[in-house]
Amino acid sequence: MPMARALSSICVFCGARAGTNPAHTLAARAMGEAIAAQGWRLVYGAGDVGLMGEVARSAQTAGAPTFGVIPTHLMTAERGKQDLSQLVITEDMHERKKVMFMNSDAVVVLPGGAGSLDEFFEVLTWAQIGLHRKPIFLLNSEGYWNPLIALLDHIIAEGFADASVKGYFTAIPDVPALTEALRVALS
Ligand code: AMP
């Protein structure tokens, strides 16, 4: 269950690039708008690039509070967004992930690359060893995460994880359905 807090915070992990499929950009914008429409706060990596920038700008424009966390050395590369409601600059990537996670009630993973996978697996493995019970959602925009789900099935089939690992996250194909699932999870 999420911790009691007036404002629910949604941690969004996603690409520092936009990728090649415009559907993912539209989904990122829709996610930002949905966070604002629900009266939630966006917690994210504070960059103004790729899908990160799309989520943040759309959430901000629609009136959501934004909490960004970025390590010092990425302030230039990921164009640390200075106009967020709150901007936390951390020493390193580990601290960044920890601060993002600690300040969130739920995690949503949009399409992204190795960084997004790292972030997903960190919260998944923390759930697997009982460190938290915060809900984790994959936005499976146009089936983007199907190969990841197939990889997890392979890992289970080969005996390197219990089938229960798939119970720690939910893959949802579109933003409206994901928003509804978040509403239920946070209620
Ligand atoms: P990507 O999905 O690769 O575009 O990266 C998305 C976000 O994850 C970016 O903000 C990256 O800075 C961040 N990231 C990349 N590598 C790591 C890592 N090893 N640990 C934590 N975050 C990372």
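Residues numbered from 1 in each chain as written. Predicted model: local features only at pLDDT ≥ 70, side-chain atom pairs only at ≥ 80, totals over all residues. Heavy atoms only, no water.

Undergrad: Please set out the site of the ligand residue by residue, giving values where relevant.
TA: Around the ligand lies a shell of 16 residues, among which A16, E78, G113, G115 and S116 are the nearest. E78 places a polar side-chain atom, nitrogen or oxygen, 2.4 Å from an oxygen atom of the ligand. Between the ligand and D118, the relevant distance is 3.0 Å, taken from a nitrogen atom to a side-chain nitrogen or oxygen of the residue. Secondary structure elements with two or more residues in the shell around the ligand: α3 (93-102) and α4 (114-128). Looking at the shell around the ligand element by element, the count peaks at five residues for α4. Along the lines of polarity and charge, the residues of the shell around the ligand split into six nonpolar, five polar and five charged. (Near = heavy atom within 4 Å. Polar contact = N/O pair within 3.5 Å; in protein donor to acceptor, adjacent residues only side chain to side chain. Helix = DSSP H or I, 4+ residues; strand = E, 2+ residues; numbered from the N terminus. Nonpolar A, V, L, I, M, F, W, Y, C, P; charged D, E, K, R; others polar.)

Undergrad: Quick rundown of the sheet that holds strand β5 (residues 106-109)? Include the residues and the values.
TA: One open sheet accounts for seven strands, arranged β4-β3-β2-β1-β5-β6-β7; its pairing is parallel. Both edges of this open sheet fall to β4 (86-90) and β7 (170-172), since each of them pairs with a single strand only. Along the sheet, successive strands turn relative to each other by an average axial angle of 25°, direction set aside. Across the sheet, α4 touches β1 (9-13), β5 and β6 (136-139), and the angle it forms with β6 is around 150°. Seen against the sheet, helix α6 (residues 175-186) touches β1, β5, β6 and β7 and runs at an angle of roughly 175° to β6. (Pairing = 2+ DSSP bridges. Axes fitted to C-alpha atoms, helices over the stretch in contact; angles between N-to-C directions. Contact = heavy atoms within 4.5 Å.)

Undergrad: Which residues make up the pairing of strand β3 (residues 66-71), and what values do they have?
TA: Burial analysis of β3 places six of its six residues in the buried class, the great majority of the element. Alternating residues of β3 divide into T66, G68 and I70 and F67, V69 and P71, and every residue in both groups is buried. Pairing analysis gives three bridges linking strand β2 (residues 41-44) to β3, with the strands arranged parallel. Paired with V43 across the two strands is F67, which belongs to β3. (Buried < 20%, exposed > 50% of the residue type's maximum accessible area, 1.4 Å probe, protein only.)

Undergrad: Mind laying out the packing of aromatic side chains, listing which residues take part and the relevant values?
TA: A full pass over the atoms with the stated rule returns four aromatic pairs. Judged by centre distance (5.2 Å) and plane angle (65°), the ring pair of F101 and W126 falls under edge-to-face. Taken together, the residues span a long stretch of sequence, with F101 in helix α3 and W126 in helix α4 at a distance of 25 residues. Residue class for W126 comes out partly exposed when judged on its relative accessible area of 21%. Geometry around F101 places K134 over its ring, the cationic atom sitting 4.3 Å from the centre. (Phe/Tyr/Trp six-rings, centres within 6.5 Å; stacked < 30°, edge-to-face > 60°. Lys NZ or Arg CZ within 6 Å of the ring centre and 35° of its normal.)

Undergrad: Any details on the nonpolar core? Residues and values, ideally.
TA: Ranked by size, the top nonpolar core spans 33 residues in total, and within it I10, V12, V108, L110 and L182 carry the most contacts. Counting only elements with at least two residues in this core, the list comes to β1, α1 (22-37), β2, α2 (50-61), β5, β6 and α6. In this structure, F13, F101, V107 and L124 belong to the second largest nonpolar core, which totals 22 residues. (Core = buried A, V, L, I, M, F, W, Y, C linked by side-chain atoms within 4.5 Å.)

Undergrad: Go over the packing of α1 against α2, please, and point to the residues and values.
TA: Running from amino to carboxyl end, α1 crosses α2 at an angle of 35°, the nearest separation of the two axes being 7 Å. The handedness of the crossing between α1 and α2 is right-handed. The residues of α2 that touch α1, namely those facing H24, T25, A28, R29, G32, E33 and A36, are L51, E54, V55, S58 and A59. Class assignment of the residues belonging to the contact of α1 with α2 gives a composition of five nonpolar, four polar and three charged. (Left-handed = near helix turned anticlockwise from the far one by under 90°.)

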